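A closer look at the structure
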Amino acid sequence: MSVETFFAFIDRELFTPQFPKFQNIDITAGGFKTVVWAMYFAFLLAAVAIYYNRTVIGSLPRALIEHGCLAPENAKTLSELGCAKNPFLKLTLRFGNTLRRSVICTEGEAFESDPKNTARGSKFAEFFLPEKRYKINFATDRFYVPEARRDACVARFRKKGNGLLSVAICAVGGIVCVALIMQIAPALFEIIDNVAGRFAADTGNVLN
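Residues numbered from 1 in each chain as written. Predicted model: local features only at pLDDT ≥ 70, side-chain atom pairs only at ≥ 80, totals over all residues. Heavy atoms only, no water.

Notes on the overall build of the protein chain
If you tally the helices and strands in the protein chain, you get 10 helices and two strands. The order of helices and strands in the protein chain, counted from the N terminus, is α-α-α-α-α-β-α-α-α-β-α-α. Within the protein chain, the fraction of its 208 residues that count as buried is 32%. For the protein chain, the share of sequence-separated contacts (at least 6 apart) that also reach a separation of at least 24 residues comes to 75%. When the accessible surface of the protein chain is split by element, carbon and sulfur atoms take 63% of a total near 13,700 Å². (Helix = DSSP H or I, 4+ residues; strand = E, 2+ residues; numbered from the N terminus. Buried < 20%, exposed > 50% of the residue type's maximum accessible area, 1.4 Å probe, protein only. Contact = heavy atoms within 4.5 Å. Areas by Shrake-Rupley, 256 points an atom, 1.4 Å probe, with all protein chains shown as cover.)

Right under this line is the structure:
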């Protein structure tokens with residue numbers, strides 16, 4: 001048996017529901033299979049996003065809290081925190097809003113507090129022109145987590161267990177769940193089809 005034939009067999013036996021011809025509901029095996037796999041990949045994507053948020057992005061707020069950077073005077077650079085070589089962290093700081101709501105750049109804070117940098121002139125300009133945004137210098141700019149946001153950051157970016165292992169477990173567990181759904185779906189939809197048929201018959205009797 002070739003590898004292609006083996007995977008085709010697995011797909012047919014485990015991941016393709018064997019639907020009978022239903023009389024009262026309109027559903028196909030292909031359509032149902034597409035929906036279930038779409039839900040699986042959405043679930044897996046959410047697991048990857050949680051891993052990325054806690055492990056990659058969360059490394060900065062965790063480092064700031066560990067180093068006691070809870071006020072502007074205690075702020076540190078990425079190099080001092082050991083985060084200077086993380087390109088994904090830099091991208092998130094520069095273009096994302098999630099991390100910038102938790103982590104404050106002291107130079108950016110000073111820039112945005114200066115009216116000359118935020119003023120855009122007339123009301124027309126304020127409506128149509130984008131707001132000026134400070135461009136972070138990752139070599140020299142310093143960061144801190146405000147004391148008021150410390151507990152929220154600890155809860156949000158807490159790193160628990162092995163992140164990659166958790167993602168792998170979610171992936172494998174999700175595939176097992178997909179296989180189980182494919183196996184029990186025909187029986188469940190047959191029950192639904194029978195109930196729909198009885199309901200339609202009872203409704204027809206009442207109307208007649």
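Re the packing of aromatic side chains
The final tally for this structure, using the stated rule, is 11 aromatic pairs. Pairing Phe 15 with Trp 37 gives two aromatic rings, centres 5.5 Å apart and planes at 50 degrees, and the pair type is tilted. With Phe 15 in the loop between α1 (3-14) and α2 (29-57) and Trp 37 in helix α2, this pair connects stretches of sequence that are 22 residues apart. Geometrically, the ring pair formed by Phe 19 and Phe 32 is tilted, given 5.6 Å between the ring centres and 55 degrees between the ring planes. Of this pair, Phe 19 sits in the loop between α1 and α2 while Phe 32 sits in helix α2, and the two are 13 residues apart along the sequence. A residue is classified by how much of its surface remains accessible, and Phe 19, at 17% relative accessible area, is buried. An aromatic cluster is present here, built from Phe 15, Trp 37, Tyr 40 and Phe 41 joined pairwise through their rings. (Phe/Tyr/Trp six-rings, centres within 6.5 Å; stacked < 30°, edge-to-face > 60°.)

Considerations on the nonpolar core
Core analysis: the largest hydrophobic core is formed by 26 residues, its most contacted members being Leu 60, Leu 64, Leu 93, Leu 99 and Phe 143. At the level of secondary structure, the elements contributing two or more residues to this core comprise α2, α3 (59-66), α4 (78-81), α5 (87-95), β1 (104-105) and β2 (143-144). By residue number, the principal contributor to this core is α3, which donates four residues. Beyond its immediate sequence surroundings of up to four residues, Phe 143 is in contact with Leu 64, Cys 69, Ala 75, Lys 76, Leu 78, Leu 93, Val 103, Ile 104, Cys 105 and Ile 136. (Core = buried A, V, L, I, M, F, W, Y, C linked by side-chain atoms within 4.5 Å.)

Things to note about the side chain of Arg 62
On the secondary structure map, Arg 62 appears in helix α3. Here Arg 62 occupies a buried position and makes no salt bridge, while the nearest side chain of opposite charge, Glu 66, is found at 5.5 Å. Beyond its immediate sequence surroundings of up to four residues, Arg 62 is in contact with Arg 54, Thr 55, Phe 157 and Lys 159. (Lys, Arg positive; Asp, Glu negative; His and termini not counted. Salt bridge = Lys/Arg side-chain N within 4 Å of Asp/Glu carboxyl O.)

Some words on the layout of surface pockets
Picture a little ball the size of a water molecule; that probe, rolled over the atoms, points out where space is still empty. Put simply, the largest pocket is a space of about 330 Å³. In terms of lining residues, the largest pocket is bounded by 16 residues, among which Arg 100, Ile 104, Gly 108, Glu 112 and Arg 133 are the most central. Taken together, the elements giving at least two residues each to the lining of the largest pocket come down to β1 and α6 (106-113). Its boundaries defined by the atoms lining it, the second largest pocket holds a volume of some 200 Å³. If you trace the second largest pocket, you find 11 residues lining it, with Ile 50, Tyr 51, Arg 54, Gly 163 and Ser 166 closest to the centre. Those elements giving two or more residues to the lining of the second largest pocket turn out to be α2 and α10 (163-207). Grouping the amino acids of the lining of the second largest pocket by side-chain chemistry returns five nonpolar, three polar and three charged. (1 Å grid on protein atoms, 1.4 Å probe; cavity = no way out; pocket = protein on both sides within 12 Å on 5 of 7 lines; lining within 4 Å. Points joined across faces, edges and corners; volume = space filled by probe spheres on them. Nonpolar A, V, L, I, M, F, W, Y, C, P; charged D, E, K, R; others polar.)

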